[in-house]
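Descriptive analysis of the structure
As a plain string of letters, each chain reads:
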Amino acid sequence: MEIPIENLTPRQIVAQLNNYIVGQEEAKRAVAIALRNRYRRQKLPKEQREDIIPKNILMIGPTGVGKTEIARRLAQLARAPFIKVEATKFTEVGYVGRDVDSIIRDLVNVSMRLVENEKIEEVRPVAEKRAIDRIVDLLVKPPREFETTTRTEDSFRQAFERVIGATISQPPPPPAEEEPHYEERTHAAYERQKRKVREQIESGARDDELVEIEVEEAHTPFMQVFTPQGMEEMGFDLSAQLANAFGRQTTFRRVPVAEAKVILTEEEARKMIDRSALTRDAIQRAEQTGIVFLDEIDKIAGRESTVGPDVSREGVQRDLLPIIEGSTVVTKYGPVRTDHILFICAGAFNVSKPSDLIPELQGRLPIRVELTDLGEQDLRRILTEPKNALTKQYAQLLAADGVFIEFQEDAIDEIAHMAHEVNLRTENIGARRLHTVMEKLLEDILFEAPDTETKRIVIDAEWVHRKLSDLVKDTDLSKYIL
């Protein structure tokens, strides 16, 4: 059962993070406090709330030790808009490349999708009912024969009356006890048929039946290619303007009823959403709870005057400063304030050091935590303990082909030992080394699983040693393969 974030204490937040991240207790404590402080701030009066700024975090540690995963899981826990960007992707204003304001635009886009999905879930029951009604109308055609006959008879009678100049007498109304008119009987049968088809659709009995539906076509591919980059910077959404000017294009698709139900439910749900309220809520969510994870900030550290590709490193820092400090960025959805967005910056700092950042930027990253290298025991725990542990992932993947794999304890010890050895001999990429080692270890099984007659495979230390020992011992091979 999901616990609302406002009910989680820092200790409970750390416990939640422990489900996915091994070790790094100092970093977990820091982000847990930062997240709880956001909730505490929301409980204050508005005039006091505005004065409390978030305490941004600088994570220092080598690659593959959990920096990104901590920030990502924290955002999921808080149900907050979250983006991960690399500092090296940005250039100083005036140079070719992305400017730092695009960070906030991307964050607002994420917030829009997040809030829209929440609102869709709120109206989904009603939207699904409307979608089923549309499918029923497509499958059950209304009785047109009676209406056509009636109109033809009425027209003939009126024309004949005009020719003869007399009114044709109408037959007397039938007694009350007589059977219903043909129109009434047809309408009742039509409604019964609709109810029957609706029940079949709701139960899934007609999921495989094909139906032709009308859906809106997206305009974005053409418009995104030819939209000038500066349009969005001026707060102008050219795609939306062109779509409004030329109208929405629709196309007909023939799909199974099950797929039609999903497509039409989403379409009906979006029709029910107030777009102005959606935009307002999304901007507020980005401003008040948004989290930006700025990775590789150590790559732009340095204040020396240079020319060439590195000329804008200090300039990027200076451009980042007002964003982190608090400013207003114009987006296509409206202006967005960055005063209360939480920035989590990270870097290995194996060449540069935090003091190489410009002093103003250092001052905006008051909380600093150092993440430690992962040892052999840490790698072993990562293989088995987290909810998304690699051994569990591969077991689930192979189970899809009907193959059940089991890792013995000595096999896990050997995998962790070999991954640690490769990290020591070559570049230390932390837990990411486990991905390459596991993929190489199970390569043959993954390839042959759909065709093999062996449905249960036990991986022991001997198996691991046989598959990987030569690669681990050969330093040159390890560099290229593992």
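Relevant structure appears above.
A brief look at the structure comes next. (Residues numbered from 1 in each chain as written. Predicted model: local features only at pLDDT ≥ 70, side-chain atom pairs only at ≥ 80, totals over all residues. Heavy atoms only, no water.)

A short note on the environment of A71
With respect to the secondary-structure elements, A71 resides in helix α4 (residues 67-78). Judged by its relative accessible area of 0%, A71 is buried. Here A71 is in contact with F82, F293 and I344, once residues within four sequence places are set aside. (Helix = DSSP H or I, 4+ residues; strand = E, 2+ residues; numbered from the N terminus. Buried < 20%, exposed > 50% of the residue type's maximum accessible area, 1.4 Å probe, protein only. Contact = heavy atoms within 4.5 Å.)

Considering the packing of aromatic side chains
The full count for this structure, using the stated rule, is zero aromatic pairs. Note that R73 overlies the ring of Y20, its terminal NZ or CZ placed 3.8 Å from the centroid. A cation sits over an aromatic face here: R466 above W463, 5.6 Å from the ring centre. (Phe/Tyr/Trp six-rings, centres within 6.5 Å; stacked < 30°, edge-to-face > 60°. Lys NZ or Arg CZ within 6 Å of the ring centre and 35° of its normal.)

So, the side chain of K194
Along the chain, the position of K194 falls in helix α7 (residues 182-203). Ignoring anything within four residues of it in the chain, the contact list for K194 reads V136, D137 and V140.

As for helix α11 (residues 257-272)
Compared with the 22 Å implied by 1.5 Å per residue over 16 residues, the 22 Å span of α11 between its first and last C-alpha is a close match. Residues of α11 that are buried include every one of V257, A260, K261, L264, T265, E267, E268 and A269, and no others. (Expected span 1.5 Å × (residues − 1).)

Quick word on the packing of helix α5 (residues 101-139) against α11
When two helices pack together, their arrangement is given by the angle between their axes and by how far apart the axes lie. Packing of α5 against α11 leaves a shortest axis separation of 6 Å and a crossing angle of 125°. Considering their axes alone, α5 and α11 lie oblique with respect to each other. Every pair of crossing elements has a handedness; the one defined by α5 and α11 is right-handed. Taken together, the residues of the contact of α5 with α11 break down into 13 nonpolar, one polar and eleven charged. (Axes fitted to C-alpha atoms, helices over the stretch in contact; angles between N-to-C directions. Parallel < 35°, antiparallel > 145°, perpendicular 65-115°, else oblique. Left-handed = near helix turned anticlockwise from the far one by under 90°. Nonpolar A, V, L, I, M, F, W, Y, C, P; charged D, E, K, R; others polar.)

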